[in-house]
Amino acid sequence: MTHIEFDAKHFISNLTTRPGVYRMYGKGELLYVGKAKNLKNRVSSYFRNTGLTTKTMALVNRIDDIEVTLTKSETEALLLEQTLIKQHRPPYNILLRDDKSYPYILLSEHQHPALLFRRGGKAGEGKLFGPFPSGTAVRESLATMQKVFKVRQCEDSYYANRSRPCLQYQIKRCSAPCVDLISDQAYANDVRHTRMFLEGKDQELLGEISQNMSAAAQEMEFERAAELRDQITQLKHIQEQQYVYGQSGEADVLAALIKPGGHCVHVMMIRGGKVVGSKSYYPKMPLEMNEGELLTSFIAQTYIGGAQDLPKSLILSHEFNDMDILSAAIFETSKKKVEISANVRGQRARWLDLAKLNAEQGLQTRLLDKKHHFSRASALQKLLGLKEAPQQMECFDISHSSGEATVASCVVFGPEGPEKKRYRSFNIEGVEPGDDYGAMKQALTRRYKRVQSGEMTAPDVLLVDGGKGQLTQAQEVLKELGLVDIFLLGVAKGETRKPGLETLYIGSKEDEVVLPPDSAALHLIQHIRDEAHRFAITTHRKRRDKKRRHSSLEGIPGVGPTRRKNLLTAFGGIQELQAASQEEISKVKGISAGMAQDIYAFLHKT
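Bear in mind the structure is a predicted one, so any value in this text is a computation, not a measurement.

Chemist: How do you make sense of the sheet that holds strand β6 (residues 126-129) when you look at a structure like this?
Modeler: Remark on secondary structure: sheet strands pair via backbone hydrogen bonds, oriented parallel or antiparallel. One open sheet holds the 3 strands; their spatial order is β5-β4-β6, and the pairing between them is antiparallel. Pairing within the sheet leaves two strands with one partner each, and these edge strands are β5 (115-119) and β6. Within this sheet the neighbouring strands show an average axis-to-axis angle of 35°, counted without direction. Both strand β4 (residues 103-108) and β6 contribute to a ladder of 4 bridges, which runs antiparallel. Considered in β6, the bridge of L107 is made with K127.

Chemist: Whenever I open this one, helix α11 (residues 291-303) confuses me. Can you help?
Modeler: Since the α-helix advances by 3.6 residues per turn, residues separated by three or four positions end up pointing in the same direction. With 13 residues, α11 ought to run about 18 Å at 1.5 Å a step, and its terminal C-alpha atoms sit 18 Å apart, in line with that. Among all positions in α11, only E291, G292, L294, L295, T296, F298, I299 and Y303 are buried. N-cap assignment for α11: the residue whose side-chain oxygen lies 3.1 Å from the backbone N of G292 is N290.

Chemist: What exactly am I supposed to notice about the packing of helix α15 (residues 436-452) against helix α16 (residues 468-481) here?
Modeler: Angle between the axes and distance between the axes are the two parameters that describe a pair of packed helices. Two elements in contact, α15 and α16, have axes separated by 9 Å at closest approach and are oriented at 30°. As judged from the angle between their axes, α15 and α16 are roughly parallel. For the pair α15 and α16, the crossing hand works out as right-handed. Seen from α15, the contacting residues are D436, Y437, M440, K441, L444, T445, Y448, K449 and Q452; seen from α16, they are G469, Q470, Q473, A474, E476, V477, L478, E480 and L481.

Chemist: Hey, could you run me through the packing of aromatic side chains in this one?
Modeler: Both the distance between ring centres and the angle between the ring planes are used here to describe each pair of aromatic rings. Applying the stated rule across the entire model yields 7 aromatic pairs. A network of ring pairs unites the aromatic residues Y22, Y32 and Y46 as a single cluster. Lying across the ring of F117, R139 places its NZ or CZ 4.5 Å from the centre. Lying across the ring of Y159, R152 places its NZ or CZ 4.3 Å from the centre.

Chemist: Would you mind going over helix α12 (residues 323-334) with me for this structure?
Modeler: Under the 1.5 Å per step criterion, the end-to-end length of α12 is 17 Å for 12 residues, consistent within 8% with the ideal 16 Å. Within α12, burial applies to M323, L326, S327 and I330. For α12, the angular spread of the buried residues around the axis is 100°, confining them to a single face. Exposed residues lying more than 90 degrees from the buried face of α12 are D324, I325 and E332. Elements in contact with the buried residues of α12: α11, β10 (313-316) and β11 (339-341). Positive backbone phi, approximately 60°, marks K335, located one or two places after α12.

Chemist: Explain the pattern of salt bridges to me, please; I cannot follow it from the model alone.
Modeler: Should the charged atoms of two oppositely charged side chains come close, the side chains can pair. Within this structure, the stated rule accounts for 14 salt bridges. Between E67 and R23 there is a salt bridge, with its nearest N and O atoms 3.3 Å apart. Of this pair, E67 sits in strand β3 (residues 65-70) while R23 sits in strand β1 (residues 20-26); the two residues are 44 residues apart in sequence, bridging distant segments of the chain. A salt bridge links E29 to R62; the shortest N-O distance between them is 3.1 Å. Residue E29 is located in strand β2 (residues 29-36), and its partner R62 is located in helix α3 (residues 54-62); the two are separated by 33 residues in the primary sequence. For R62, a relative accessible area of 37% puts it in the partly exposed group. Through salt bridges that share partners, K72, R350 and E583 make up one connected network.

Chemist: What exactly am I supposed to notice about the sheet that holds β3 here?
Modeler: One open sheet holds the 3 strands; their spatial order is β2-β1-β3, and the pairing between them is antiparallel. Edge positions in the sheet fall to β2 and β3, since each of these pairs with one other strand and no more. Direction aside, the axes of adjacent strands within the sheet are offset by 20° on average. Bridge analysis of β1 against β2 gives 7 bridges, and the strand direction is antiparallel.

Chemist: What's the story with unusual backbone geometry in this structure? I'm lost.
Modeler: Backbone phi values are negative for most residues with the exception of glycine, while trans is the configuration of most peptide bonds. In the Ramachandran plot, K150 falls in the positive-phi region, its phi being about 60° despite a non-glycine side chain. With respect to the helices and strands, the residue K150 is situated in the loop between α5 (135-149) and α6 (156-160). The backbone phi angle of D180 is positive, close to 60°, even though this residue is not glycine. By relative accessible area, D180 is classed as exposed at 61%.

Rules used in this analysis
Residues numbered from 1 in each chain as written. Predicted model: local features only at pLDDT ≥ 70, side-chain atom pairs only at ≥ 80, totals over all residues. Heavy atoms only, no water. Pairing = 2+ DSSP bridges. Helix = DSSP H or I, 4+ residues; strand = E, 2+ residues; numbered from the N terminus. Axes fitted to C-alpha atoms, helices over the stretch in contact; angles between N-to-C directions. Expected span 1.5 Å × (residues − 1). Buried < 20%, exposed > 50% of the residue type's maximum accessible area, 1.4 Å probe, protein only. Polar contact = N/O pair within 3.5 Å; in protein donor to acceptor, adjacent residues only side chain to side chain. Parallel < 35°, antiparallel > 145°, perpendicular 65-115°, else oblique. Left-handed = near helix turned anticlockwise from the far one by under 90°. Contact = heavy atoms within 4.5 Å. Phe/Tyr/Trp six-rings, centres within 6.5 Å; stacked < 30°, edge-to-face > 60°. Lys NZ or Arg CZ within 6 Å of the ring centre and 35° of its normal. Arc of directions from axis to C-beta. Salt bridge = Lys/Arg side-chain N within 4 Å of Asp/Glu carboxyl O.

Structure, rendered in structure tokens:
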């Protein structure tokens, strides 16, 4: 069997910029586990040409595969990373001799309580908050709270022997209750605010700081306003409440996703309330089925009689009729009761959202894989009767909003899949609003005049989305320009408009073909068509928003001036808002959970 070298450049080009965990493999062995705030930037750093240490180069030379798992925050990525390191002990990870427990923050029981660093979950000295993902996270939190609340962080032995304020008072990190420079009542109020913040009840506190920031700005105290803005940013940064998801919860979360060109079942394992691992599966699906049917088949083959570590429950992305039957069958073979549910709330719903996100990312990565693309291109070659696999394929699509800001997209697929640097868009002018045929004709003419003049190479296959009408436009344009060697392929949705039931027009409007749902050639056609559609919509929205002179938040339905002001005030700026999680956004005044979901989706729509 021929060894296929890992193509890092291609893998990184299609990698997400979201936070998550990456796992590096060599010959099937897990070599290294790492976490990243931005997966694309972090993984690409291993494959730069200069600046790598000898040990890192030794690791990189052994890599033949990389897998990623997305998380909602860098904190969750760190927790999953540590879980995987302890479970698999990869040779290139640092393995500590002692397995320390998670760190906590202790608010002591004292006349003047202190905030202290502690390991382990044993209470007794006061109220414990946490656990946190690392000692660094605790120390960063303590340092931030020193600035905001000025509650002491010295041990009682040090506190009892002070006769004058220490350096922490001088640098405004403590209010010096040890020498009575703050009243008991005022200090108690600071402690109360600290407790509220640590318990996650921080909206009142943030609102007060936000009001002070606005007041400082109105009074021209811009330096003070900047300090308060930075405090808000710091508070939001450390207030990630998914530290360990609590200390309970045992489930496998299964998200099924079926898209034109492929399908995926992502399994995320929750043990002790924590994400301990995940994997994407791409089972063969020769017949058309929906997500519920796909889950039924997958669960039956995976959990009946064969699973070693059965969870207490299975949380599913889609319902189906046989859930009770499957649960009974699992019990018969394992004597363990496994609850199967699809309609979940709270933390379990957040787990499910994360599994869905990973399923989408996994399927996207698979569709962009070079080996997968080559097999699909070979199948398309056979379908079209070409002498060799097409080296360049182009597809056009039209997008507009009721005729406004019409844009035509052109995407290019090469031997290795999408070539995004060669994508082009055309702003359509001088065409009646809503005239998609006219828009298509203009875009094709502008594109292929450059091909006719020799500025650009002609594609082997031109795919036109929209059926017979749009195919006619393409035929007329190519005929006028004398480009007769370009193979024309039209694609129209069938009567049911379901993926997998498209009608293809190969070379002419009369030559109609409907391929089976598991056809590799159909999967490639669907992928190209959907990529053209995505690119057209993205480009159209940019043009429309620029034309309307909208701010980055004005395109969100239901978010008016007041809510925009509340959002920007709460987070200190648009960059901090983009870095926030959905749960953090939902805590802003006037923002419901549903609206927070819409805002988060809008900010991350690319």
